[in-house]
Amino acid sequence: MISLTYDFHLHSCLSPCGDEDMTPGNIAGMAVVKGLEMVALTDHNTCKNCPAFLKIAGDYGLLAIPGMELTTQEEVHVLCLFATLDNAMAFDAYVEERMIPFPNNEEIFGRQIIRDEEDEICGSLPNLLINATSISFDEVYDAVTQFHGIMVPAHLDKSTTSLISNLGFVPDSSRFTCFELRHLSNLHQYRKDHPYLRDCNVISSSDAHYLEDMMDPGYSLMIEEKTPEAVLAAINEVHR
């Protein structure tokens with residue numbers, strides 16, 4: 001077993017709320033500067049900057065996980081993480097078909113920039129990415145699993161766009177085995193209030209939209225080997 005530091009919730013310049021300095025190259029470079037060893041790119045409702053990010057992060061020697069922060073029908077945010085780029089991009093296409101098309105207003109929400117492996121602009125997305133999709137929270141587990149990914153309900157202790165803030169409870173039909181908190185100091189209270197969470201793993205990441213907000217190497221994950229598959233297995237380990 002090895003222990004590696006992580007930040008599994010990062011937004012690039014493709015998220016309209018992400019700073020334009022959050023390029024794939026800058027994110028990977030900042031991760032190295034901070035001393036992080038594992039990172040995941042999780043833009044809102046898209047994986048289209050993951051190809052460039054995985055290439056650049058790999059060149060830096062980082063273990064990079066392709067992902068997405070999915071917005072459900074109920075506007076609950078869920079991290080969706082994948083072991084391979086092919087699976088992430090297949091899920092990207094699945095989600096794209098289930099997005100509500102609404103044009104992005106760049107002056108209000110910001111640009112949605114796609115970058116290539118040289119960190120150069122190679123495109124943009126016209127429809128706003130922060131809208132809800134037609135995928136309900138109850139559908140996420142099966143949707144992600146069919147693409148060999150895992151789901152992690154995001155920032156449960158956030159006052160908006162979280163499972164608890166938007167639904168008020170953990171559904172009985174839930175099958176996730178890991179959740180994210182912004183502050184691990186809230187862990188005891190959330191497990192007390194929501195018994196389902198007592199048997200789940202927990203992670204805490206930055207949800208960074210700016211380079212300076214990326215996490216310092218304070219949290220680590222024990223994994224069998226330095227591979228994306230081992231990362232997902234460790235996050236998703238069942239304790240029930």
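Residues numbered from 1 in each chain as written. Predicted model: local features only at pLDDT ≥ 70, side-chain atom pairs only at ≥ 80, totals over all residues. Heavy atoms only, no water.

K.L.:
Give a description of the nonpolar core that names residues and reports values.
P.N.:
Formed by 52 residues in total, the largest nonpolar core has its most connected members in Phe91 and Phe176. Sequence-distant contacts of phenylalanine 91, defined by excluding residues within four places in its chain, comprise Met68, Leu70, Cys80, Phe82, Ala143, Val144 and Phe147. Counting 22 residues, the second largest nonpolar core, distinct from the first, contains Met38, Ala83, Ile223 and Val231. (Core = buried A, V, L, I, M, F, W, Y, C linked by side-chain atoms within 4.5 Å. Buried < 20%, exposed > 50% of the residue type's maximum accessible area, 1.4 Å probe, protein only. Contact = heavy atoms within 4.5 Å.)

K.L.:
Before we move on, could you go through the packing of helix α1 (residues 24-34) against helix α2 (residues 50-59) and cite the residues and values that matter?
P.N.:
Remark: α1 packs on α2, axes separated minimally by 9 Å, with the N-to-C direction vectors making an angle of 35°. As α1 runs across α2, the sense of the crossing is right-handed. In this structure, α1 uses Pro24, Gly25, Ile27 and Ala28 to contact α2, whose residues at the interface are Ala52, Phe53, Ile56 and Ala57. For the contact of α1 with α2, a count of residues per class yields 7 nonpolar, 1 polar and no charged. (Axes fitted to C-alpha atoms, helices over the stretch in contact; angles between N-to-C directions. Helix = DSSP H or I, 4+ residues; strand = E, 2+ residues; numbered from the N terminus. Left-handed = near helix turned anticlockwise from the far one by under 90°. Nonpolar A, V, L, I, M, F, W, Y, C, P; charged D, E, K, R; others polar.)

K.L.:
Can you break down the pairing of strand β10 (residues 220-223) residue by residue, with the values?
P.N.:
Where burial is concerned, the two faces of β10 differ: the one with Leu221 and Ile223 is buried and the one with Ser220 and Met222 is not. In terms of strand pairing, strand β1 (residues 2-10) meets β10 through 4 bridges, oriented antiparallel. Looking across to β10, one finds that serine 3 is bridged to methionine 222. (Pairing = 2+ DSSP bridges.)

K.L.:
Report on helix α3 (residues 85-96), specifying residues and quantitative values.
P.N.:
Since the α-helix packs 3.6 residues into each turn, any two residues three or four apart lie on the same face. Helix length check: α3, at 12 residues, gives a terminal C-alpha distance of 16 Å against a target of 16 Å (1.5 Å per residue), a fit within 8%. Looking only at α3, the buried set comprises Asn87, Ala88, Phe91, Asp92, Tyr94 and Val95. For α3, the angular spread of buried residues about the axis comes to 165°, placing them on one side. Where the residues of α3 are buried, they touch β3 (63-71), β4 (77-82) and α5 (137-145). (Expected span 1.5 Å × (residues − 1). Arc of directions from axis to C-beta.)

K.L.:
Residue-level account of α2, with values.
P.N.:
Inspection of α2 places Cys50, Ala52, Phe53, Ile56 and Ala57 among the buried residues, and these make up the whole buried set. In a view along the axis of α2, the buried residues occupy a sector of 155°, so they form one face of it. Taken together, the buried residues of α2 touch α1, β2 (38-44), β3, α3 and β5 (113-115). Positive phi appears at glycine 61, one or two residues downstream of α2, with a value of about 85°.

K.L.:
Pulling in residues and values, what's your account of the sheet that holds β10?
P.N.:
Ordered by their spatial adjacency, 6 strands build an open sheet running β7-β4-β3-β2-β1-β10, and the pairing between neighbours is mixed. Pairing within the sheet leaves two strands with one partner each, and these edge strands are β7 (149-153) and β10. Direction aside, the axes of adjacent strands within the sheet are offset by 30° on average. By the bridge criterion, 5 bridges tie β3 to β4 in an arrangement that is antiparallel. Note on β4: the bridge partner recorded for glycine 67 is leucine 81. Helix-sheet contacts for α5 involve β3, β4 and β7, and the interaxial angle to β7 is about 150°.

K.L.:
Which residues make up unusual backbone geometry, and what are the values?
P.N.:
One non-glycine residue with positive phi stands out, namely glutamate 75, at about 65°. For glutamate 75, the location among the structural elements is in the loop between β3 and β4.

K.L.:
Quick one: what's the story with the packing of aromatic side chains, residue by residue and with numbers?
P.N.:
Overall, the coordinates contain 7 aromatic pairs when judged by the stated rule. An aromatic cluster is present here, built from Phe82, Phe91, Tyr94 and Phe147 joined pairwise through their rings. A cation over a ring is seen here: arginine 98 above tyrosine 94, with NZ or CZ 3.7 Å from the ring centre. (Phe/Tyr/Trp six-rings, centres within 6.5 Å; stacked < 30°, edge-to-face > 60°. Lys NZ or Arg CZ within 6 Å of the ring centre and 35° of its normal.)

K.L.:
Pulling in residues and values, what's your account of the environment of proline 195?
P.N.:
Inspection of the secondary structure puts proline 195 in the loop between α7 (187-193) and β9 (201-203). Look at proline 195 and you get partly exposed, because its relative accessible area is 48%. Taking C-alpha positions, proline 195 is 13 Å from phenylalanine 179, a pair spaced 16 residues apart along the chain.

K.L.:
Let's hear about the pattern of salt bridges: which residues, and what values?
P.N.:
Counted according to the given criterion, the structure contains 7 salt bridges. A salt bridge links glutamate 20 to arginine 111; the shortest N-O distance between them is 2.8 Å. Taken together, the residues glutamate 20 in the loop between β1 and α1 and arginine 111 in the loop between α4 (106-109) and β5 connect sequence positions 91 residues apart. Relative accessible area serves as the criterion here: at 35%, arginine 111 is assigned to the partly exposed category. Linking arginine 175 and aspartate 142 is a salt bridge whose minimum nitrogen-to-oxygen distance equals 3.1 Å. Within this pair, whereas arginine 175 is found in the loop between α6 (163-167) and β8 (178-180), its partner aspartate 142 is found in helix α5, the two being separated by 33 residues in sequence. One continuous salt-bridge network, built from bridges that share partners, spans Lys48, Asp92 and Glu96. (Salt bridge = Lys/Arg side-chain N within 4 Å of Asp/Glu carboxyl O.)

Read these as geometric descriptors, not functional statements.
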